[in-house]
Amino acid sequence: MTVDRPNIGVAIFPGSNCDADSLHGLELAGANAIPVWHDHPETGSLDGMMIPGGFSYGDYLRTGAIAQFSTVMDLIRQMADDGRPVLGVCNGFQILLETGLLPGGMLRNRDMKFICRTVQIRLESTGNSFSNQNASGDTMRIPIAHGEGNYYADPKTLAEMNSNGQVAFRYCDNGIVGASTNPNGSSESIAGVTNAAGNVLGMMPHPERALEPQLGSTDGLGIMRSMVESCISSRAAINV
Amino acid sequence: MSNTGATAPLYEELGLTASEYQMILETLGREPTQVELAMYSVMWSEHCGYKHSRSMLGRFPTEGEKVLQGPGENAGVIDVGDGWAVAFKMESHNHPSAVEPFQGAATGVGGIVRDIIAMGARPIALLDSLRFGSLESPRVQHLFEEAVAGIGGYGNCIGVPTVGGELFFDPSYEGNCLVNAMCIGLLRADQLTSAAAAGVGNPVILFGSRTGRDGIGGASVLASQEFKEGDEEKRPSVQVGDPFTEKLLIEASLELLDKELLVALQDLGAAGLTSSAAEMASLGGMGIELDVAAVPLRESGMEPWEVMISESQERMLAVVTPEKVAAVTEVCEKWGLTATQVGVLIEDSEFVINDGSDEVGRIPVLSLTDDCPKYQPESKKPDYIEASVPSVATVFSSDSVEDELLDLLGSPNIASKRSVWDQYDHMVMTNTTVLPGHDAAVIRLKGTDRGLAMTSDCNSRYVYLDPLKGGMIAVAEAARNVSATGATPAAITDCLNFGNPEKPEIYWQFKNAIEGISQACEAFGVPVVSGNVSFYNESNGAAIYPTPTIGMVGTLDDVTKTCESGFRSDGDRIFLVGDTLSELGGSEYASHVHNIVEGPIPSLDLGVAKATCDMVRSAVSSGVLKSAHDLSEGGLAIAVAESCVNGAIGAKIDLSSSGQELSIVESLFSETQSRFLVSTSQSDGDGFLKLAEEFGIRVAEIGEVGGDAMQIGSAVELPLDVVCNTYQQGIQKWIQKT
Amino acid sequence: MNAKVVVSLKDGILDPEGQAVASALGRMGFDEVKDVRIGKVIEIELEDGIADAEVRVKQMCEQILSNPVIEKFHIQTEQS
């Protein structure tokens, strides 16, 4: 364990299936990645947390609905309050919505089908813990793989999020956002959102699947490395 | 003993013949109890007992220096280097899928995944080979869409990427669709796990889901009967899958093995507890005593025989030493699974079933597993083959090959399957380096330089017209697909789907297809390491096309030295590897465009087939190729179109220099075997020609990559976007037509 | 006693499943169908004699059985 590498936990629920990919990806991005089991979470010095994709508790009832009551979520709420970076990807995003750490809700994809393919997303905001390696307007090629990624928020919430810079990513084609480039019918083509403080990000695309040239894209590196850097700086800030 | 006195008519209802019942009476020396009769009926069904196929399966070559486990266990295992091994197997779930396509397909995936876990391997990839009736039929559309959703729903949830497969539509599958699922798992070679029971007195632990009345008389009995009208009523006996529990079962099983807590591991599949326990005892050469009252149940009031043959999903059976029972229970509890001791191993080779303190059955183990009657049915060459072979001397001619090409490109069997694999998570585990849509998928092995290529193939129309050669071609096509990625074919699994073997013509198809597959495997040096037979694929007396699906795994020493099918850059040189002959018999062109299904199917020289694959593989590894694509259904024209679409770039083909005197229809659509379409940079082209010469393979330079049109001589000039849209939207268009 | 909870998407939120069923019904000739909304039914078996059963079930709905951001619920209770 080197000093420079922040400790980032990966919360594992029964049914998580991107936990190994997330651990591997965080290591590639420069973190010490630590598996954190849902019901007896390590309370050691975690600088950030990633909630991976999958089907926690089978996604029964609603995606993410049952996971929100796991013991590890108390730790995650505390870390979010403390200002440490928390990244929820795919099912992780759904869980963050169910817990209320992020605004909005998730519906089934517009076409009622699971979709797995590489899409383009546009970075909409740099005022958060996951964007210091990129510039606003950057486009990234990152895979999605979900059956319920149709993000919904009511018009009032959307307006607030837009004015706070909480919309992190939108689906696009060469930077252009439109109905035809929206894979799942989400409100305003939203692919990812943050909390008002900017330290909690939920996104449907999988940045951990876009870190190595062999897999076709390295565009997820910016997001993951930003998180790693933010973990280091937030640790310094919190420990002052 | 209770439950005695089963009567004669019952055995018939359970699918046993009078002579089989007589064998049971002789073995036991008395009438069987109800539990015993139920157990014999499922173990001696075609599905478990292989009674019409066993005598032929010995023909397959099954040995090779890399084979760690051949047929006989839950899956075959081969050594892939650096201490790693790969377990794989394909299995059918045809009849359950015809009754309830979503659950049938889903539980098919679940079952094959558990076979792989039982070998001690982590499942790393799935392939699904699907065959349905004509896509114009609303019922077929329903079966197709639900089966795909079921596969996705299960595979996506358990986090194992579905990276490939096949999709084929033909009226012969109208009443009897085929759902064949293949799973590949990775393990350390020294952690190979067996189902063989060992250690008298060792507890037998059942873990996973609770047992209900799922599939009572399900797969085993269903698979032994032909379908007739009104069979929808069988729905209640279909099993329901729970992929969430399966995911927990994967993790729990691997943790148990990793902690070295198990003596033996076995999954519960067809015939449930009966088959699993009997196989474990049989492989270990010992006996087993089970208490049905100890089995955790989901429903009250289940009879002992129901518990013994229930096909409830997501269950595993393990043999454990007594001091490790507590540790095993603890691991299962961590994953939220029940683990219960349901029995114990005994010395005498007997299968004893107790219901609490009552003994309700006692059967010699081997009478269940090995003494299943074997039949050598009559075999007779079908009349349709005699009638068809000499005919397709008809040379097709056409004034509008361009229209025919578009018609074929957008047809259900040729058009892009993207709308299907888009619904499968094919990237989870972050190892898929060649995605679906190319000749074979490639998976990297993290932590090594190595990779695996995998494909499933069978042109069943060929097998129908000529089972011997069709069987050979299925293996040769799989080898071409694997070789196009630069991988070396290592071994195959097979899923042999046929009609009723008691009909001499069907058995003839079966025998000849096995002979063809065997000859091709010998020529390519690839053993058969696992497989499955599915008979009685008929509806209203009509059989499906004989469909011996071949699942092949190939190995890559360096996973970065691979190739995809799409053309790459302007100015690249295009080559056609192999000769083209006038071979339109049995072709997709003849079938789709002219509605003619007649032989003779394309010839196959196994020596040339192998040498061609060797040359292309060598070219991929040496880095001279920028694209490589095998030629199969639809011939050269379709291969060119696919390379254009997959590379999003045009091509200009000129066939005048190929030196072969064929009509344009033959040049474009002939399905001559052992051919590839490849491209190189300008500078590497000559090196490639030299390499081909060294291997003695004929290669013709036929054109150049570039532009935004697909042009073939003066006959075809199509804008790239028309080619792309036709290919990519084909399946949706066919569905919307009705 | 038994409680039956019906959870469905709030009015105004797009229900793709309901739309798919509505258009299928239309294709099948059920021209009178104007709209279809799909929800789920959760049947809960409760111990008898609980005084504030309806309040308890409402709490269950608010805390886990429904997501107030996108869903509404309706409770029916009956003595078994």
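Definitions and limits used
- Residues numbered from 1 in each chain as written.
- Chains lettered and ligands numbered in written order.
- Predicted model: local features only at pLDDT ≥ 70, side-chain atom pairs only at ≥ 80, totals over all residues.
- Heavy atoms only, no water.
- Helix = DSSP H or I, 4+ residues; strand = E, 2+ residues; numbered from the N terminus.
- Rg over C-alpha atoms; globule rule 2.2 N^0.38 Å.
- Buried < 20%, exposed > 50% of the residue type's maximum accessible area, 1.4 Å probe, protein only.
- Contact = heavy atoms within 4.5 Å.
- Areas by Shrake-Rupley, 256 points an atom, 1.4 Å probe, with all protein chains shown as cover.
- Lys, Arg positive; Asp, Glu negative; His and termini not counted.
- Charge placed at Lys NZ, Arg CZ, Asp CG, Glu CD.
- Buried area = accessible area lost by both parts, 1.4 Å probe.
- Salt bridge = Lys/Arg side-chain N within 4 Å of Asp/Glu carboxyl O.
- Polar contact = N/O pair within 3.5 Å; in protein donor to acceptor, adjacent residues only side chain to side chain.
- Phe/Tyr/Trp six-rings, centres within 6.5 Å; stacked < 30°, edge-to-face > 60°.
- Nonpolar A, V, L, I, M, F, W, Y, C, P; charged D, E, K, R; others polar.
- 1 Å grid on protein atoms, 1.4 Å probe; cavity = no way out; pocket = protein on both sides within 12 Å on 5 of 7 lines; lining within 4 Å.
- Points joined across faces, edges and corners; volume = space filled by probe spheres on them.
- pLDDT = per-residue confidence, 0-100.
- Pairing = 2+ DSSP bridges.
- Right-handed = clockwise from strand over helix to strand, strands pointing away.
- Axes fitted to C-alpha atoms, helices over the stretch in contact; angles between N-to-C directions.
- Expected span 1.5 Å × (residues − 1).
- Disulfide = S-S within 2.5 Å.
- Core = buried A, V, L, I, M, F, W, Y, C linked by side-chain atoms within 4.5 Å.
- Left-handed = near helix turned anticlockwise from the far one by under 90°.

Lay out the overall build of chain C with the relevant residues and their values.
Scanning chain C from terminus to terminus reveals 2 helices and 3 strands. In chain C, the succession of α and β elements from N to C terminus is β-α-β-α-β. Taking 12 Å as the expected radius of gyration for a compact globule of 80 residues, we find that chain C reaches 16 Å, considerably beyond that expectation. Viewed in the frame of its principal axes, chain C has a C-alpha envelope of about 50 × 30 × 15 Å. The buried share of chain C, reckoned over its 80 residues, is 29%. Residue pairs at least 24 apart in sequence account for 71% of intrachain contacts in chain C once pairs closer than 6 positions are excluded. In the structure as shown, chain C presents an accessible area of about 5,400 Å², 50% of it carried by carbon and sulfur atoms. Separation between the mean location of the 9 positive side-chain charges and that of the 15 negative ones in chain C comes to 7 Å.

Tell me about the interface of chain C and chain A, and please be specific about residues and values.
Chain C puts 15 residues into the contact, and the matching count from chain A is 16 residues. Summing the contributions of chain C and of chain A, the shared interface buries around 1,200 Å²; its carbon and sulfur component is 69%. On the chain C side of the interface with chain A, the three residues burying the most area are Pro16(C), Ile64(C) and Ile70(C), jointly 36% of the side's total. Here chain C is connected to chain A by 2 salt bridges. Where Glu17(C) meets Arg108(A), a salt bridge forms, and the shortest distance between an N and an O atom there is 3.6 Å. Applying the counting criterion to the chain C and chain A interface returns 4 residue pairs in polar contact (both at pLDDT 80 or more). Counting only elements with at least two residues in the side of chain C that touches chain A, the list comes to helix H1 (16–27), strand S2 (39–45) and helix H2 (53–65) of chain C. Top contributing element to the side of chain C that touches chain A by residue count: H2(C), with 3 residues.

I'd like to hear about the packing of aromatic side chains, residue by residue, with values.
Residue and element names in this part refer to chain B. Taken as a whole, this structure holds 18 aromatic pairs over all chains when the rule is applied. When the centroid spacing of 4.9 Å and the interplanar angle of 65 degrees are considered together, the rings of phenylalanine 510 and phenylalanine 535 count as edge-to-face. Of this pair, phenylalanine 510 sits in helix H20 (residues 504–524) while phenylalanine 535 is found in the loop between strand S18 (528–534) and strand S19 (538–539), placing the two residues 25 residues apart along the sequence. The two residues phenylalanine 510 and phenylalanine 535 agree in class, both being buried. Each ring, one from tyrosine 589 and one from phenylalanine 669, has its centre 4.5 Å from the other, and the planes form 10 degrees; the classification is stacked. Residue tyrosine 589 is located in helix H21 (residues 588–594), and its partner phenylalanine 669 is located in helix H24 (residues 664–669); the two are separated by 80 residues in the primary sequence.

Got a sec to walk through the interface of chain A and chain B? Specific residues and values, please.
Between chain A and chain B, the contact holds 25 residues from the first and 29 residues from the second. Between chain A and chain B lies a buried interface of about 2,200 Å² when both sides are counted; carbon and sulfur atoms form 58% of it. Here chain A and chain B share 3 salt bridges between them. Residue Glu212(A) is joined to Arg444(B) by a salt bridge in which the shortest nitrogen-to-oxygen separation is 2.8 Å. The tally of links between chain A and chain B comes to 9 residue pairs in polar contact (both at pLDDT 80 or more). Every element with two or more residues in the side of chain A that touches chain B is listed here: helix H1 (19–28), strand S6 (115–123) and strand S7 (139–146) of chain A. Examining the composition of the side of chain A that touches chain B, we find that 4 residues originate from one element, S6(A), more than from any other. Of the residues that constitute the side of chain A that touches chain B, the class distribution is 12 nonpolar, 7 polar and 6 charged.

Run through unusual backbone geometry, naming residues and quoting values.
For the peptide bond that leads from Gly599(B) to Pro600(B), omega is 0 degrees, which places it in the cis range. A positive phi angle is found at Asp59(A), which is not glycine, with a value near 60 degrees. Residue Asp59(A) is classed as buried on the basis of its relative accessible area, which comes to 16%.

Give me the lowdown on empty space enclosed by the protein, citing residues and values where you can.
Applying the stated criterion to the full structure yields 5 cavities of 30 Å³ or more. In this structure, the largest cavity encloses a volume near 70 Å³. Residue lining of the largest cavity: Lys113(A), Phe144(B), Glu145(B), Val148(B), Ser419(B), Val420(B), Gln423(B), Ile731(B), Gln732(B) and Ile735(B), and that is the complete set. When residues of the lining of the largest cavity are traced back to their parent elements, those giving at least two are helix H8 (138–158), helix H17 (418–421) and helix H27 (730–737) of chain B.

Break down the confidence of the model for chain C for me, with residues and values.
Model confidence for chain C is summarised by a mean pLDDT of 88, while 99% of its residues fall at 70 or above. Least confident of the elements in chain C is H1(C), whose mean pLDDT is 82; most confident is S2(C), at 93.

Describe the pattern of salt bridges, and please don't skip the residues or the numbers.
Residue and element names in this part refer to chain A. The full count for this structure, using the stated rule, is 50 salt bridges over all chains. For aspartate 47, the salt bridge is made with arginine 235, and the minimal N-O distance between the two is 3.2 Å. Here aspartate 47, found in the loop between strand S2 (32–37) and strand S3 (48–51), pairs with arginine 235, found in helix H5 (residues 221–239); they are 188 residues apart in sequence, far enough to count as distant. Classification of arginine 235 as partly exposed rests on a relative accessible area of 22%.

Outline the pairing of strand S4 (residues 86–89) of chain A, listing residues and values.
Residue and element names in this part refer to chain A. Side chains Val86 and Gly88 project from S4 onto one buried face, and the interleaved Leu87 and Val89 project onto a second face that is buried too. Where S3 and S4 come together, 3 bridges link them in parallel fashion. If you follow isoleucine 51 over to S4, its bridge partner there is glycine 88. Handedness of the crossover joining S3 and S4 through helix H2 (residues 71–82): right-handed.

Could you give an account of the sheet that holds strand S24 (residues 651–653) of chain B, with specific residues and numbers?
Residue and element names in this part refer to chain B. Overall, mixed pairing links the 7 strands, which are arranged S23-S25-S22-S26-S24-S27-S28 in an open sheet. If you trace the sheet from one side to the other, it starts and ends with strand S23 (627–630) and strand S28 (716–719), each paired once. Averaged over all pairs of adjacent strands, the angle between strand axes in this sheet comes to 20 degrees, irrespective of strand direction. Judged from the 5 bridges that link them, strand S22 (residues 573–577) and strand S26 (residues 699–705) form a sheet pairing that is antiparallel.

Tell me about the sheet that holds strand S16 (residues 451–457) of chain B, residues and numbers included.
Residues and elements named next belong to chain B. Pairing in this open sheet of 6 strands is mixed, and the strands run S14-S15-S16-S21-S17-S18 from one edge to the other. Bordering the open sheet on either side are strand S14 (432–434) and S18, each of which pairs with just one other strand. Between one strand and the next, the sheet's axes are offset by a mean angle of 25 degrees, whatever the strand orientation. Sheet strands in contact with helix H19 (residues 467–484) are S16, strand S17 (488–497) and strand S21 (547–556), and its direction is about 30 degrees off that of S21.

Quick rundown of H20(B)? Include the residues and the values.
If you check H20(B), its first and last C-alpha atoms are 30 Å apart, about what 21 residues at 1.5 Å a residue would give, namely 30 Å. Following H20(B) by one or two positions, Gly525(B) adopts a phi angle in the positive range, close to 70 degrees.

Talk me through the state of the cysteines; I want residue IDs and the actual numbers.
All names here are of chain A. Under the criterion given, the structure shown has 0 disulfides over all chains. Counting only cysteine sulfurs, cysteine 90 is the nearest neighbor of cysteine 18, a cysteine outside any disulfide, at a range of 6.5 Å. A residue is classified by how much of its surface remains accessible, and cysteine 18, at 2% relative accessible area, is buried. Looking at cysteine 231, it has no disulfide partner, and the nearest cysteine sulfur is the one in cysteine 18, 19 Å off.

Describe the nonpolar core, and please don't skip the residues or the numbers.
Among the nonpolar cores identified, the biggest contains 131 residues, and Met49(A), Phe169(A), Phe132(B) and Phe144(B) are the most heavily contacted of them. Apart from the residues within four sequence positions on either side, Phe132(B) is in contact with Val140(B), Leu143(B), Phe144(B), Ala147(B), Leu167(B), Phe168(B), Phe169(B), Asp170(B), Tyr173(B) and Cys177(B). Counting residues in each nonpolar core, the second largest holds 64 residues, with Ile473(B), Ala476(B), Ala487(B) and Tyr507(B) among its members.

Could you give me a rundown of the environment of Ile414(B), with the residues and numbers involved?
Residue and element names in this part refer to chain B. With respect to the helices, strands and loops of the structure, isoleucine 414 is situated in the loop between helix H16 (401–409) and H17. Since its relative accessible area comes to 5%, isoleucine 414 is described here as buried. In sequence terms isoleucine 414 and asparagine 537 are 123 residues apart; their C-alpha atoms lie 24 Å from each other. Dropping the residues within four chain positions of it, isoleucine 414 is found in contact with Leu408, Leu409, Glu588, Glu633, Gly634, Ile638, Glu642 and Tyr727.

Give a detailed account of the packing of H8(B) against helix H10 (residues 243–258) of chain B, specifying residues and quantitative values.
Angle between the axes and distance between the axes are the two parameters that describe a pair of packed helices. Residues and elements named next belong to chain B. In the contact formed by H8 and H10, the axes pass within 8 Å of each other and the chain directions differ by 35 degrees. For the element pair H8 and H10, the recorded crossing hand is right-handed. Taking contact as the criterion, the partners of Gly153, Tyr154, Cys157 and Ile158 in H8 are, on H10, Pro243, Phe244, Glu246, Lys247 and Ile250.

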